[in-house]
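Descriptive structure summary
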Amino acid sequence: MTSRSAAQARIRALAIPVVLAIASLPPRAGAAPPDAPDHVFRSPPAEPSPAPALPPLPIPRVAAGNGYRAVDPYPAIPDPGRPAQSGAIPRLVGRADGKDVLAFPLAHTRVSARVAGNVARVEVMQRYDNPSDRRLEAIYAFPLPENAAVVDMTFQIGSRVVQSEVRRREEARATYEAARREGRTAALTEQERPNLFTQSVANVPPHESIFVVLRYVHEVPFLDGRYRFVFPTTIGPRYIPGAPAGRAGPGWSPDTDQVPDASRVTPPVVPPGYRSAHDLELLVQLTPGDAFADVSARSHRIVTGLDGAGARLVALDEQDRVPDKDFVLSYRPAGREPEARALVERERGEDFLLLFVQPPAEVQPAMIRPREVVFLVDKSGSMMGRPIETVKALVARALHALGPDDTFQLIAFDGATEPQTAAAQPNDPAAIARAEAWLSRLRGGGGTEMLAGIRAALRTPADPRRLRMVVFCTDGYIGNEAAVIEAVQRERGDARVFGFGIGSSVNRYLIEGVARAGRGVAEVIGPRDPVDEAVARLFLRLDRPVLTDLQLTVEGAQLSDLSPALLPDLFAGQPLVVAARVRGGAPTAAVLRGRLGGAGWSRRLAVTSAPQHAASPLAGTLWARRRIDELQHLAPGAPAKQEVEEVVSLGLRFNLVTPYTSFVAVERELLVDPRLALATVLVPNELPEGVSHEGIFGPARVQVFPARVKPGDPELWIAAAPTARGVKVKLPFEDAWRDATRDGERWVLRFLVPPGQPDGSYAAEIAIAHFDGREERATASIRVDTSAAAVAVLSAPSSVEPGGTIALRLKPALPLGRIPGLLGRPGGLANALKGEMELKEILVRAPWGALARARMEGALGVWTVELPVPADAATGDATLEIVASDAAGNVSRRRVPVAIGAAAPVERLSGIGGIVAGIVLLGAALLAMALLFVKMGGPVPAPPCPPLAPALRRRAPTRVLDRFPQPREPGLKV
Amino acid sequence: MRLALALLGALGLAMGGGAALVVADGERVRHLAVPILSEVAERDASGGATPVPLPGCALVERARVDGRVTALHEAGGALFIGTFDAGVVVATPDGRSALDLEGRERFVNALVEDGGGMWVGTQRGAVLFRDGRRIAIAAPGVAVTSFARAGDTLLAGTARGLVRLLPGGRSEPLALEGEEPTPRVNALAVARSTLWIGTSAGALAVPLAPDGGLAGPARRIPLVFGAPPARTNVVTALAPLGDGALAGTDDGGLVRLGPAGAVAALRLAAARDNDVNPGAMLADGEHVLAGTQRGGLLAVEVEREAFAVFRPDVTASLAISAVARGTHGWLAGTSDGRVLELQCPHAAASERRLRTGVR
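An account of the accompanying structure is given in this report. (Residues numbered from 1 in each chain as written. Chains lettered and ligands numbered in written order. Predicted model: local features only at pLDDT ≥ 70, side-chain atom pairs only at ≥ 80, totals over all residues. Heavy atoms only, no water.)

1. Digging into the pattern of salt bridges
Note the threshold: The rule for a salt bridge is simple: a side-chain nitrogen of Lys or Arg has to be within 4 Å of a carboxyl oxygen of Asp or Glu. Here the term buried applies to any residue with accessible area under 20% of the maximum for its type, exposed to any over 50%, and partly exposed to those in between, with areas from a 1.4 Å probe on protein chains only.
Under the counting rule described, the total for this entry stands at 86 salt bridges over all chains. Between Arg777(A) and Glu775(A) there is a salt bridge whose closest N-O contact spans 3.0 Å. We note that Arg777(A), like Glu775(A), is exposed. With a shortest N-O distance of 3.1 Å, Arg164(B) and Glu172(B) are connected by a salt bridge. Its relative accessible area of 27% is what places Glu172(B) among the partly exposed residues. When salt bridges with common partners are traced through the structure, they connect Glu137(A), Arg169(A), Arg173(A), Glu177(A), Arg180(A), Glu190(A), Glu192(A) and Arg264(A) into a single cluster.

Next comes the structure, spelled out in structure tokens:
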């Protein structure tokens, strides 16, 4: 049986219990009336039958064998308060895809989703195994869609099913902790972010399994004529800004002053070279099956079919079950695209309205204003590799799609912000070429100081003639999402911000939040999504919103607590979805008013009522989920007590997990011996596909700025992994260790090279202490250089006629007499020779005031310079002044005589004193130094901001810098 | 004979090897130097001027902080002390406080008061404070080394060029016409109609419009060509001098820059006097003060084409890393964290001093 046919067979097998469960339910609430389009607010699908219909699935293991060995996954860091007992879990259980496979307690996740219209009901079953002789606690931070309303949690152990209760978060945790101490099996579901939850299970008996079932509902986004059902499977490692401030959770980061719950949102990741045995089984039912067309998934291989009840089934191919990327299922309505629909449904004794409206398709080109497009690019460590290449391609394509009156600016950020230009530049071929060259040099690495990037993009003075559009490209792996969304809201002014999520497992909560706060639209580009289509959609929206100034009213009733509270402007392809409370009667029609282009626009919709006494109404739940989101965004950093209490109230009333309410379930019977040792194990997440482990958790990178110094005040930068909690440096000039200062993602030390320090390369020792107890060591080379390179004149004319040109050929020189002095230099002879040979700039001045800069040319790196001789130059002997500078600013000077107006010019070799002997030694020295140079690793890199070196690298023609005036001002007597 | 043969053999091998290397790895060979037998670089002329001791000054310690003092400003009874790596300490008669700076913002380079606020130039941007509260940050992430005021315009020199600081804490980059790529600015000075910019590759002179805007292209003036030339191009500090400027350098002493671009370097005899600390210059009336690495405070008086250099006796052994005008005299910050107030008898530029100021 082929893989595909096996998967199809599996679909059939899986589909049967689901269909049976649905068929056994009472008539569904809110069933759409016969005349309603099938794909809009069709009655929400019924929940699958609750436990005990949780058969232990046959879990396909990659491999199994005897002689398991324990592996310490990096950076899985045990909770200091509850140290994990290693030796039992994780275990190496096999090998797949060239990687060792580790078994953690979470063995399997099964996802069953039923989608109707734009609403999905999803059931997630997690199976935790305890293969040890101890009682087990497993903690798993996992993702869900950012708009998921988690409505239920149960667990099953053996034949017993335990139902959860929703409680205030602190109460739920206290209940769980008490059960954990007593040896009672318990489960706790907590929300860390709208798209990040923590599941804890305590006291899994030895050699037994526990099944945790979560149920949630969510709206399925509809954009550009297609629905996109997303199930995220892993959490990207978040960058945590701020200073450490304790540790409340088990993650790899401490809490910080900017992300107070950082230790709860930084679960461990599977180490490089490993994958976890945890796999994913996923089944989506699209119902009714004939309402959907063009069903596809770019993220995964899928198999599809129809079940006996006519629903379209979609399942993951068995060969594509590693939970390392979002599952994205895309489809479009089979019939005409929906335009509008309004539905009222009663839930928990109250009426709620759900409204869906598509904006008109037409756009008036004449209304389009010139734009100032700012591309804000995340180039942090998590973007290293494929994601940053995707961004480059996206921006490059977008640049070529700009209009002639548009301007643009590129800004990149990691731990620091790096604009390509100080301000927006006009859209012309030269500017685009420069931008593309700049883009091509971007590499992923460093932290994610996103706030600084946002500010840089939004605080630059706006061009009043143009509409500013910020295209924000990121994977969203940060812990301070609320602060970033708040900053966009606060700083955006008249600008619009479009969130572009880049990658296989994007933080959609951030991307959506930024776009909402920035009055733009969010889009996610996966690794297999074509960039061109994304650019086309972007420009369709950049042109302008189609509908603005929207207001909603109903006839026959009043609306309150609308979500969104302020109706957004609508772009092409972007529908409006509104949820609201209905008061004071039964609404008969909904009226939406706004502006289309410059003219007024309105739309009146008949309101449909869902049948009363429905078994599974959802409108209220979806409204409550949206309302909670609204409340959370009022003051994300410091929510007011009143708002917190309203969230709690909604959570308790609608049975929802929120930041302040959790589900807790406790088995009443004692199933495990509380005297047994307890092993607490964190379940790691797979690193998202395409994300570089090296880019985030790699060894520290150390830099000294400037690279070569005279005695002065350079800085030492240490880009350490985010697990670093302290960095100390021992400078070669001092005896004591000094503390480096945390500066965003890096650690820095500003220090002084003491005057009189002899030339040479000195090693600074660096000790990095990590939160997991590791100490990492590194060294930084500090090169002290106070001696300037000499210059040899390879050729120069002995005479030049007035009106002619003096051409000089120069080369850095190494006077052999200096070599003995280099032998004892700190850092060795090779480094000393390199320093002696290094040149950054050569300036030549003629006595008539002409000043020229030499350029380096040819395979041998000869510096050439031409100086025109004025036609009226005085004849006679003249002296050219040659001044050479190195990267540290050291200067050497020499003079070359030349006769003006003498006989025919004769090329000569000059100025090296002992030319013949020099030539004899040239080859030997060349070879010796070349070998040394090879050992040293090549040319000296340019310093961070060289004033002139890039011009040299461009090999620009010699430029006469200036007519350098003789000091005709009153002689400055000294 | 055997030596000669060996030499020839070695030569053949070497030339062959070298040629092979050229073909194989030209990029590296490009950076090799030519071995030569004798030194070709000119030796620096020995000697130099010696500052005239200036007796009669009094030195009072006003404050002491941890680490090197890099910037000072006194206003409204408060003394702002910028430090090398420990932020800004504000000393008032009521006590001390620290400004809210973090990370590389604690690496302070410059201070300037503007419209009731205090700008702090740091290695990570210019941070604006008002009434002790942090208001905004301009040029975030970029080292801000210096400030200068041109009319109503407040300018900041940064590692990525020049910016104009705007009310409310925003900033706007100013393109330096004729300077590609944008140079790192080490120091700034405004002299009548010219903005002087100190870089590591000499000085730039930019004409200023009456409103303080830039009115023309930047002109580069290397310090290493002049009468006499300086031995370095690295400008560490600047002070206005008529339409020209006086530049302090990293190890080349003081350099006078004429309005038309003439260069005249003043090299001092003791090496310690030639290292002017970053930003440690101040134009105050007829004096320009320069804080040196180890040679104390230099007071320069200029009259037409002559200038004289004095050194208050009491500072002779100090490393002066910051200078400012205080309420009662000159303020000097030292590399060991002291803030000193210097009070000297009014040092009018007398004919005698101009004749004998520098020996």
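This is not the end of the story, as more comes after the structure.
2. Describing the packing of helix 6 (residues 481-491) of chain A against helix 7 (residues 508-517) of chain A
All names here are of chain A. What counts, and what does not: Each axis is a line fitted through C-alpha atoms, taken for helices only over the stretch in contact, and angles between the N-to-C directions span 0 to 180 degrees. Helix numbers and strand numbers start at the N terminus; a helix is a DSSP run of H or I with at least 4 residues, a strand a run of E with at least 2. Here roughly perpendicular refers to angles of 65 to 115 degrees, roughly parallel to angles under 35, roughly antiparallel to angles over 145, and oblique to all remaining angles. Helix crossings are classified by the rotation of the near helix relative to the far one: an anticlockwise turn of less than a right angle makes the crossing left-handed, while a clockwise turn makes it right-handed. By definition, residues are in contact when any of their heavy atoms lie within 4.5 Å.
Orientation of helix 6 relative to helix 7, taken along the N-to-C sense of each, is 15°, at an axis distance of 8 Å. When the interaxial angle is binned, helix 6 and helix 7 end up roughly parallel. At the point where helix 6 passes helix 7, the crossing takes the right-handed sense. Two secondary-structure elements touch here, helix 6 through Glu481, Val484, Ile485, Val488 and Gln489 and helix 7 through Tyr509, Leu510, Gly513, Val514 and Ala517.

3. A short note on the environment of Ala245(A)
Residue and element names in this part refer to chain A. Tracing the chain through its elements places alanine 245 in the loop between strand 13 (226-231) and strand 14 (274-276). Here the alpha-carbon distance between alanine 245 and proline 260, two residues 15 residues apart in the chain, equals 7.5 Å. Apart from residues lying up to four places away in sequence, alanine 245 is in contact with Asp255, Thr256 and Asp257.

4. Let's talk about the nonpolar core
All names here are of chain A. Which entries qualify depends on this criterion: Side-chain atoms within 4.5 Å are what join buried Ala, Val, Leu, Ile, Met, Phe, Trp, Tyr and Cys residues into a set we call a nonpolar core.
With 58 residues, the main nonpolar core has Tyr128, Phe229, Phe231, Val284, Phe327, Leu329 and Tyr331 as its most contacted residues. Residue contacts for phenylalanine 327: discarding those within four places in its chain leaves Phe229, Val230, Phe231, Leu282, Val284, Ala297, Ser299, His300, Ile302, Val314 and Leu316. Core analysis: the next-biggest nonpolar cluster, separate from the first, contains 38 residues, Met383, Ala412, Trp438 and Phe500 among them.

5. Things to note about the packing of aromatic side chains
Residues and elements named next belong to chain A. Note the following rule: Any pair of Phe, Tyr and Trp rings, taking the six-membered ring for Trp, is counted once the centres come within 6.5 Å. Such a pair is stacked with planes under 30 degrees apart, edge-to-face with planes over 60 apart, and tilted for the rest.
Across all of its chains, the model carries 13 aromatic pairs over all chains by this definition. Judged by centre distance (4.6 Å) and plane angle (55°), the rings of phenylalanine 222 and tyrosine 227 are tilted. The pair formed by phenylalanine 222 and tyrosine 227 is uniform in burial state, with each residue classed as buried. Taking 5.4 Å as the distance between ring centres and 70° as the angle between the ring planes, the aromatic pair formed by phenylalanine 498 and phenylalanine 571 counts as edge-to-face. In this pair, phenylalanine 498 sits in strand 27 (residues 496-502) while phenylalanine 571 sits in the loop between strand 30 (558-563) and strand 31 (576-583), placing the two residues 73 residues apart along the sequence. On the accessibility criterion, phenylalanine 498 (1% relative accessible area) is buried.

6. Considerations on the sheet that holds strand 6 (residues 149-157) of chain A
Sheet strands pair by backbone hydrogen bonding; their relative direction is either parallel or antiparallel. All names here are of chain A. Keep this limit in mind: Strand pairing is assigned whenever DSSP detects at least two bridges linking the two strands.
Read from one edge of the open sheet, 8 strands run 7-6-11-4-3-15-18-17, paired in mixed fashion. Strands with a single pairing partner mark the edges of an open sheet, and in this sheet they are strand 7 (160-163) and strand 17 (302-306). Strand-to-strand twist of the sheet, defined as the mean angle between neighbouring strand axes without regard to direction, takes the value 15°. Bridge analysis of strand 3 (residues 106-116) against strand 4 (residues 119-129) gives 10 bridges, and the strand direction is antiparallel. Bridge pairing in strand 4 places leucine 106 opposite tyrosine 128. With respect to the sheet, helix 9 (residues 619-634) is in contact with strand 4, strand 6 and strand 11 (209-219), its orientation differing from that of strand 11 by roughly 85°.

7. Describing the pairing of strand 7 of chain A
Residue and element names in this part refer to chain A. Examined bridge by bridge, strand 6 and strand 7 share 4 bridges and lie antiparallel to one another. Each residue of the ladder has a partner; that of threonine 154, found in strand 7, is glutamine 163. What sits between the antiparallel neighbours strand 6 and strand 7 is a turn of 2 residues, in which glycine 158 has the positive phi angle 60°.

8. A short note on helix 6 of chain A
Each α-helix winds once per 3.6 residues, and so residues spaced three or four apart point in a common direction. Residue and element names in this part refer to chain A. So the rule is basically this: Our arc is simply the arc of the directions from the helix axis toward the C-beta atoms.
Within helix 6, the full set of buried residues consists of Glu481, Val484, Ile485, Ala487, Val488 and Glu491. One face of helix 6 carries all of its buried residues, which in axial projection span an arc of 155°. For helix 6, the elements touching its buried residues are strand 9 (186-193), helix 5 (450-459), strand 27, helix 7 and helix 9. Just past helix 6, the residue glycine 493 takes up positive phi, approximately 55°.

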